[in-house]
Amino acid sequence: MKLVAKTLYGMEDVLIKELTELGAKNIEKGNRVVTYVGDKRLLYASNLWLRTAISVLLPIQNFRFRDEKDLYAQFAKINFSEYMKVNQTFAVKGAVNSKLFNHTGYPRLVLKDAIADHFRDKFDKRPSVDLEKPQILFDIHIEENQCTVSLNSSGAPLFQRGYRQGTGEAPINEVVAAGLIYLSGWDQKSNFIDVTCGSGTIPIEAALMANGIPPNIARKSYSFQYWYDYDQQLWEDIYSKAPNVPKRDLDFKIIGSDTDGDVILKARENIKALPLGKTISFEVKEFNDQVCPEGKGILICNPPYGERLQDEALFDLYRDLGNFFKRKMKGYDCWVISSNFDAFKNIELKPAKKIQVYNGSLSCDFRKYEIFEGSLVEHKYGEQNQRREPKRNKRS
Ligand SMILES: C[S@@+](CC[C@H](N)C(=O)[O-])C[C@H]1O[C@@H](n2cnc3c(N)ncnc32)[C@H](O)[C@@H]1O
């Protein structure tokens, strides 16, 4: 089968790596998608195992069309009763990028009508639409006058992992969190720390990775389980072979801390649904008071971007973060994701790397600050501090 894994901007390469490890063949990179070839086992495994995919699609029809009328005519050629039963609920989602339509939602309505008409003509009855929790989810992708209709095997997006019980005000998407960890190059053998962890998404995704536990171990359902050809035995085989206990020999620390005690309670609730044991330690702590565990490691944090804080308070927070890196994170690589480019400047460290990513609709930078041990630190930041000293009169 030709399969399509959808992802987020900038995550295609890490998704390719994940797919290669899963055994996918003929992998090709697209724009926020990766296509590959695999069998039913790989389709099910993709849903359970891919940390950076949003959904996994099975294309069923691809065609060119002239106009709206022709689009309906092409949809009407699809034998929808091959893919769903009349008593199942369905929905249509997808992306439209075409000058042929004033409203991008219109083609979805055309497909919905074509499906309803198909069943009405055949069985004198039409299936119900359920936009919240459809059993069968169709996906359309239209690029000018080229259309692909697919079955979405995942149903609800794969970032709905099933472990999240509660969140703070601006939780990061689980797929973004996992993607950032991969992009950071964390070796999964050294300390991992998030000092603004909120409800714990980033450390939780890190702990799942380090323990080799699939990201969707706690998820209860997928759309492919409603398909005609669903092979329950195969799914149970894949699921039962997935590790579901923490490794005993993790000899490094994974720490999440946040100044807000309520979100730390939520983080602790969130790990209850996961077989992570005591892998993560969640602490109520102002980041300035955090002490980095000895040895090497990495810090990834997602501080506030400034929707609620006034500029000055936000700039102070980023300045404090930079000072905290310099004072307390020696030997660590510190990564920060933020959409606030002015706030970034207040970290007052030169980023060793900048990667553009999206957190929801926000274009963000994911920046790396290498904090060297000992004299290198003084040397590097000493230089910066000198630059900021007031200019002296040459003659004095
Ligand atoms: C954007 S949220 C992080 C969301 C988190 N990644 C999640 O998935 O839930 C930013 C967090 O920074 C925390 N924070 C703000 N100032 C802090 C400080 N000085 N020390 C520690 N945490 C702080 C807030 O309490 C908030 O939970």
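Note that the structure is predicted; figures quoted are calculated from it, not measured.

How each quantity is defined
- Residues numbered from 1 in each chain as written.
- Predicted model: local features only at pLDDT ≥ 70, side-chain atom pairs only at ≥ 80, totals over all residues.
- Heavy atoms only, no water.
- Phe/Tyr/Trp six-rings, centres within 6.5 Å; stacked < 30°, edge-to-face > 60°.
- Buried < 20%, exposed > 50% of the residue type's maximum accessible area, 1.4 Å probe, protein only.
- Lys NZ or Arg CZ within 6 Å of the ring centre and 35° of its normal.
- 1 Å grid on protein atoms, 1.4 Å probe; cavity = no way out; pocket = protein on both sides within 12 Å on 5 of 7 lines; lining within 4 Å.
- Points joined across faces, edges and corners; volume = space filled by probe spheres on them.
- Helix = DSSP H or I, 4+ residues; strand = E, 2+ residues; numbered from the N terminus.
- Nonpolar A, V, L, I, M, F, W, Y, C, P; charged D, E, K, R; others polar.
- Domains from an automatic or database assignment.
- Axes fitted to C-alpha atoms, helices over the stretch in contact; angles between N-to-C directions.
- Parallel < 35°, antiparallel > 145°, perpendicular 65-115°, else oblique.
- Left-handed = near helix turned anticlockwise from the far one by under 90°.
- Contact = heavy atoms within 4.5 Å.

> Break down the packing of aromatic side chains for me, with residues and values.
Summed over the entire model, instances satisfying the criterion amount to 24 aromatic pairs. Measuring from centroid to centroid gives 6.0 Å for Phe324 and Phe325, while their planes differ by 50°, and the two rings are tilted. For Phe325, a relative accessible area of 0% gives the class buried. Ring pairs connect the aromatic residues Tyr44, Tyr222, Phe224, Tyr230, Trp235 and Tyr239, which therefore count as one cluster. Against the face of Phe344 rests Arg367, its NZ or CZ located 4.0 Å from the ring centre.

> Any details on the layout of surface pockets? Residues and values, ideally.
Volume-wise, the largest pocket comes out at about 1500 Å³. Contributing to the lining of the largest pocket are 49 residues, with Lys6, Ile54, Ser55, Asp139 and Asn152 lying nearest its centre. Elements that contribute at least two residues to the lining of the largest pocket include exactly β1 (2–6), β3 (33–37), β4 (55–64), β5 (90–97), β6 (136–143) and β7 (146–152). Split by residue class, the lining of the largest pocket holds 19 nonpolar, 20 polar and ten charged. Per-domain counts for the lining of the largest pocket show at least three residues from each of domain 1 (2–152) and domain 2 (174–213 + 246–383). Of the pockets and cavities examined, the second largest pocket occupies roughly 830 Å³. In this structure, the second largest pocket is lined by 37 residues; those nearest its centre are Thr196, Asp258, Asn302, Pro303 and Pro304. At the level of elements, α6 (201–210) and α8 (261–272) are the ones that each hand at least two residues to the lining of the second largest pocket.

> Account for the packing of helix α5 (residues 174–184) against α6, naming residues and giving values.
Interaxial distance between α5 and α6 falls to 9 Å at its minimum, and their mutual angle equals 60°. Viewed along their axes, α5 and α6 adopt a mutual orientation that is oblique. Note that α5 runs across α6; the crossing there is right-handed. Contacts between α5 and α6 involve Glu174, Ala177, Ala178, Ile181 and Tyr182 from the first element and Thr201, Ile202, Glu205, Ala206 and Met209 from the second. A breakdown of the residues in the contact of α5 with α6 according to their chemical character gives seven nonpolar, one polar and two charged.

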